[in-house]
Amino acid sequence: MKFKGQEKQSLLISKRERQGYFFTAPFAIGFFLLILFPMLKSFIYSFNTFEFDGSVKLIFCGLENYRRALMVDTEYRQLLLETVGNMALSVPVILVFSMIVAVFLNNNFHGRSAFQIIFFIPVIVSSGIIPMLFENDIIRNSIINAASAAGDKVSSFDTSGMTTMLLDFNLPSTLVKYLMYAIANILEIVNSSGIQILVFTMGLKAIPRQLYEASSIEGATGWENFWKITLPMIMPQFIVNITYTVIDAFVNNTNPIMESINTYNYSKFDFGYAAGLAWMYFVIILVVLAVFTGLSNLFSRRYQ
Amino acid sequence: MKSKKIGRAAVMLFRYFILIGISFLILYPLLVTVLISLMQTSDFLNSAVRYLPVSPTLGNYKTAAIFLEYGKTLAKSLVLNVPLCLLEIASCSVVAYGLARFHFKGNRLLFGCVILTLLVPSSIYFTPFYFSLQDYGPFGWNLLGTPLPLFLMSVCGLGVKNGLVIYILRQHFKGYPKELEEAAQIDGAGSIRVFISIMLPGAASIAVTCFMLIFVFRWTDPTYTQIFLPDHEYIWTKLASINSSMSLLPGVSGDDHYFRSILKNTSIVLYIIPLIVLFIGAKRRLVESIETSGLVG
């Protein structure tokens, strides 16, 4: 037996549901037609080799493409290990770095908008077509590297002196090593933090001022404010950033594996092998991302 | 009181110290690019010149503008990109609103799909999609060489890195209190009305930022356009051709590395000028929208 009110409510929910489908329909349809369906096709490609004689022909070759990637193509295996290792090291540094910069940029001070423009520049120049053009510009690179040879170093630092000093302070050696890694790769880290800084800035802007005012009246310091207000309030942005940083480290076009996949796909037209490489890579990205989001969920739950 | 003042000044100084240092890291490579764009070939051969050219010249910009056919290709690129980006920001915010505010079966799955579009290497779905374009759909249309696939992707929120924008906007829409919608519904406003008159004004500043992001992504990563419209001459086509074309301009040998480098660096400056202009414009709009909306977060 149903009550009238209950029926009405269930009707309301189904209306909300319908509206939800309505709003998300463009993406759902597009995803099915333009991504999922081609993806399945590409999965089939990865078990085939391509032959061109007037028309495109698919020849079934079983697991040959995967075997070739793992057993024959020694470069791929090595690149894979390198990419995963680099990513695991750089993601925490990028997150902490972009958080610090965003907090610095959040207060009002002279020249803030100039800094905001400057910190957006990496988004423009560090992905897509521009780094590809710079890569083989011998003359530009020689000018940049001449500077580092002459002493005013930009892209790499000699960190051995600093390492000895910090070790003398009895800091744990893994921590020191990690710090030195961050310092030595600062240029790369700055270049891949553009979006993250922007996302954090958006989150920080949305925190109501009254929260800080109230806690200041209660006598909280800026440091306490950061841990008690800022960090919990930008948890959503934190999770966006973790996800994006992991993804960006993997599928950025300057990543060596993406480069090799793109070469096989767009220049050598070895579509079957490219599909095999890409699918294997995709599975690895999924696993790593699952690990990172699992960790961050754990962290945020413990934090709250 | 006095010690507090000193402490604040110290924090200020520290902040400037760090920010200026990092800014230098970011600007240095760009500065080299700008300086090269002001050089002449003789400056490369002169060992006394490292950064500053002997007699800076703007002549390179003229040459690069001729090479890129700057006015024509820039206008053409903008005419293609601006509508695409507007479509993308519209579809992204609608989809994000749907994902953030409505509970329906498959919501989480669909959101997973959004993330999936970000992390699938694009070549996985691109090649089959491209092959299928020759006779697309039940009527066997030939869509190759038309901008239709690009518009199709934009309408569906599948443009360059659109997943990130959907993600950001969804996170923002999730932040609104539930009562806001309930109150609006009691007043008789439908969910489309709620979206247009409550959600969007509140999201104005974030939407402007997202539009900027979309535009920058599309501008700096023209892979999609290059694949779907290979025969058209856009500004990125010209830019990419610097690496490949043998003789760049009549009267200059293709082996002239110095000239190639100068041309490349100058063209890159010309290429990112529209983005800087957009950023400054968007920032002004951003400040206004925060001041006028009064509903942030």
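Owing to the predicted nature of the structure, the values given are computational and were not obtained by experimental measurement.

What counts and what doesn't
- Residues numbered from 1 in each chain as written.
- Chains lettered and ligands numbered in written order.
- Predicted model: local features only at pLDDT ≥ 70, side-chain atom pairs only at ≥ 80, totals over all residues.
- Heavy atoms only, no water.
- Helix = DSSP H or I, 4+ residues; strand = E, 2+ residues; numbered from the N terminus.
- Buried < 20%, exposed > 50% of the residue type's maximum accessible area, 1.4 Å probe, protein only.
- Contact = heavy atoms within 4.5 Å.
- Areas by Shrake-Rupley, 256 points an atom, 1.4 Å probe, with all protein chains shown as cover.
- Lys, Arg positive; Asp, Glu negative; His and termini not counted.
- Charge placed at Lys NZ, Arg CZ, Asp CG, Glu CD.
- Rg over C-alpha atoms; globule rule 2.2 N^0.38 Å.
- Salt bridge = Lys/Arg side-chain N within 4 Å of Asp/Glu carboxyl O.
- Polar contact = N/O pair within 3.5 Å; in protein donor to acceptor, adjacent residues only side chain to side chain.
- Buried area = accessible area lost by both parts, 1.4 Å probe.
- Nonpolar A, V, L, I, M, F, W, Y, C, P; charged D, E, K, R; others polar.
- Patch = residues over 30% accessible without salt bridge, like charges linked within 9 Å, V, L, I, M, F, W, Y side chains within 5 Å.
- Phe/Tyr/Trp six-rings, centres within 6.5 Å; stacked < 30°, edge-to-face > 60°.
- Lys NZ or Arg CZ within 6 Å of the ring centre and 35° of its normal.
- pLDDT = per-residue confidence, 0-100.
- Pairing = 2+ DSSP bridges.
- Arc of directions from axis to C-beta.
- Core = buried A, V, L, I, M, F, W, Y, C linked by side-chain atoms within 4.5 Å.

Colleague: Is there a simple way to think about the overall build of chain A in this case?
Modeller: Counting secondary structure elements, chain A contains 15 helices and two strands. Viewed in the frame of its principal axes, chain A has a C-alpha envelope of about 85 × 75 × 40 Å. Considering chain A as a whole, with its 304 residues, one finds that 45% of them fall into the buried category. Within chain A, counting contacts between residues at least 6 apart in sequence, those at least 24 apart form 64% of the total. Carbon and sulfur atoms make up 65% of the accessible area of chain A, which amounts to about 16,300 Å² in all. Of note, chain A has its 21 positive side-chain charges centred 14 Å away from the centre of its 20 negative side-chain charges.

Colleague: Which parts of the structure should I look at to understand the overall build of chain B?
Modeller: Of regular secondary structure, chain B possesses 14 helices and zero strands. Seen in sequence order, chain B has helices and strands lined up from the N terminus as α-α-α-α-α-α-α-α-α-α-α-α-α-α. For 297 residues, the compact-globule estimate of 2.2 N^0.38 gives 19 Å, and chain B exceeds it by more than 25% at 24 Å. Considered along the principal axes of its C-alpha atoms, chain B spans approximately 80 × 75 × 30 Å. With 297 residues in all, chain B has 52% of them scored as buried. In chain B, the proportion of contacts linking residues at least 24 apart, taken out of those at least 6 apart, comes to 72%. Each charge class in chain B can be summarised by its mean position, and for the 24 positive and 15 negative side chains these summaries are 11 Å apart.

Colleague: Hey, could you run me through the pattern of salt bridges in this one?
Modeller: In a structure, side chains of opposite charge can pair up when their charged atoms sit close to one another. Residues and elements named next belong to chain A. By the definition in use, this model includes eight salt bridges over all chains. The residue Arg-67 makes a salt bridge to Glu-64 at a minimum N-O spacing of 3.5 Å. Note that Arg-67 and Glu-64 are positioned in helix α2 (residues 64–72) at a spacing of three residues, about one turn of the helix. Judged by relative accessible area, which is 34%, Glu-64 ranks as partly exposed.

Colleague: What am I meant to see in the side chain of Ser-261 of chain B here?
Modeller: Relative to the helices and strands, Ser-261 of chain B is located in helix α14 (residues 257–293). Side chain to side chain, Ser-261 of chain B and Asp-137 of chain A meet in a polar contact 2.9 Å long. Filtering out sequence-adjacent residues up to four positions away, Ser-261 of chain B remains in contact with Asp-137, Ile-139 and Arg-140 of chain A together with Ile-36 of chain B.

Colleague: I keep staring at the interface of chain A and chain B and nothing clicks. Help me out?
Modeller: Often the size quoted for an interface is simply the accessible area lost on bringing the parts together. The interface of chain A with chain B comprises 89 residues on the first partner and 101 residues on the second. Together, the buried faces of chain A and chain B total about 8,500 Å²; carbon and sulfur atoms form 78% of this surface. On the chain A side of the interface with chain B, the three residues burying the most area are Phe-23, Phe-27 and Leu-34 of chain A, jointly 10% of the side's total. The tally of links between chain A and chain B comes to one salt bridge. A salt bridge links Glu-181 of chain B to Arg-16 of chain A; the shortest N-O distance between them is 3.6 Å. Where chain A packs against chain B, one counts 15 residue pairs in polar contact (both at pLDDT 80 or more). When residues in the side of chain A that touches chain B are grouped by element, the largest group, 21 residues, is from helix α1 (residues 4–45) of chain A. The residue inventory of the side of chain A that touches chain B, partitioned by class, reads 65 nonpolar, 16 polar and eight charged.

Colleague: Honestly, a nonpolar patch on the surface in this entry has me stumped. Any pointers?
Modeller: Together, Met-165, Phe-169, Leu-171, Leu-175 and Leu-179 of chain A give the surface a local cluster of nonpolar side chains, amounting to about 460 Å² of exposed area. Residue placement: Met-165 of chain A occurs in helix α7 (residues 160–168).

Colleague: Explain the packing of aromatic side chains to me, please; I cannot follow it from the model alone.
Modeller: Given two aromatic rings, their pairing is described by the distance between the two centres and the angle made by the two planes. Within this structure, the stated rule accounts for 37 aromatic pairs over all chains. Judged by centre distance (4.9 Å) and plane angle (85°), the ring pair of Tyr-45 of chain A and Phe-50 of chain A falls under edge-to-face. The class for Tyr-45 of chain A is buried, based on a relative accessible area of 8%. Residue Phe-50 of chain A is classed as buried on the basis of its relative accessible area of 14%. Geometrically, the ring pair formed by Tyr-97 of chain B and Phe-102 of chain B is edge-to-face, given 5.3 Å between the ring centres and 85° between the ring planes. Grouping residues by exposure puts Tyr-97 of chain B and Phe-102 of chain B together as buried. Here the guanidinium or amino end of Lys-268 of chain A rests over the ring plane of Tyr-264 of chain A, the centre of that ring lying 4.5 Å away. Residue placement shows Lys-76 of chain B over the ring face of Tyr-234 of chain B; its charged tip is 5.1 Å from the ring centre.

Colleague: Help me understand the confidence of the model for chain B, please; the structure alone is not making it clear to me.
Modeller: Low-pLDDT portions of the prediction should not be read for the details of their coordinates. All names here are of chain B. This prediction gives chain B a mean pLDDT of 84; 91% of its residues lie at or above 70. When mean pLDDT is taken per element in chain B, helix α4 (residues 70–101) scores highest with 94 and α14 scores lowest with 79. Low pLDDT, under 50, characterises residues 290–297; the stretch is placed with 10 contacts to residues that sit more than four places away or in other chains.

Colleague: Please explain the pairing of strand β1 (residues 48–53) of chain A as it appears in this structure.
Modeller: Successive residues of a regular strand alternate their side chains across the two faces of the sheet. Residues and elements named next belong to chain A. Pairing of β1 with strand β2 (residues 55–60) involves six bridges; the strand directions are antiparallel. By the bridge assignment for β2, Asn-48 is matched with Phe-60. Between β1 and β2, which pair antiparallel and follow one another directly, the connecting turn spans one residue, one of which, Gly-54, has a positive phi of 85°.

Colleague: Please clarify how helix α7 (residues 148–155) of chain B should be interpreted in this entry.
Modeller: In an α-helix there are 3.6 residues to a turn, and that puts residues three or four apart on one side. All names here are of chain B. Along α7, the residues classified as buried are Pro-149, Leu-150, Met-153 and Ser-154. What you see down the axis of α7 is that its buried residues fit within an arc of 135°, all on one side. One or two residues past the end of α7 sits Gly-157, with phi positive at roughly 70°.

Colleague: I'm lost on the environment of Glu-188 of chain A in this one. Help?
Modeller: Structurally, Glu-188 of chain A can be placed in helix α9 (residues 186–191). The sequence separation of Glu-188 of chain A and Phe-271 of chain A amounts to 83 residues, and the corresponding C-alpha distance is 31 Å.

Colleague: Just checking my understanding: could you explain the nonpolar core for this structure?
Modeller: Grouped burial of nonpolar side chains is what soluble globular proteins tend to show. Counting residues in hydrophobic clusters, the biggest one holds 167 residues, and the most contacted among them are Phe-27, Phe-119, Phe-120 and Tyr-281 of chain A together with Leu-169, Phe-173 and Tyr-271 of chain B. Counting residues per element, this core draws most heavily on helix α3 (residues 74–106) of chain A, at 14 residues. Once you skip the residues sitting within four places of it in the chain, Leu-169 of chain B turns out to touch Ile-89, Cys-92, Ser-93, Ala-96, Ile-206 and Cys-210 of chain B. Residues Ile-139 of chain A together with Tyr-28, Ile-36 and Phe-44 of chain B belong to the second largest nonpolar core, which totals 10 residues.

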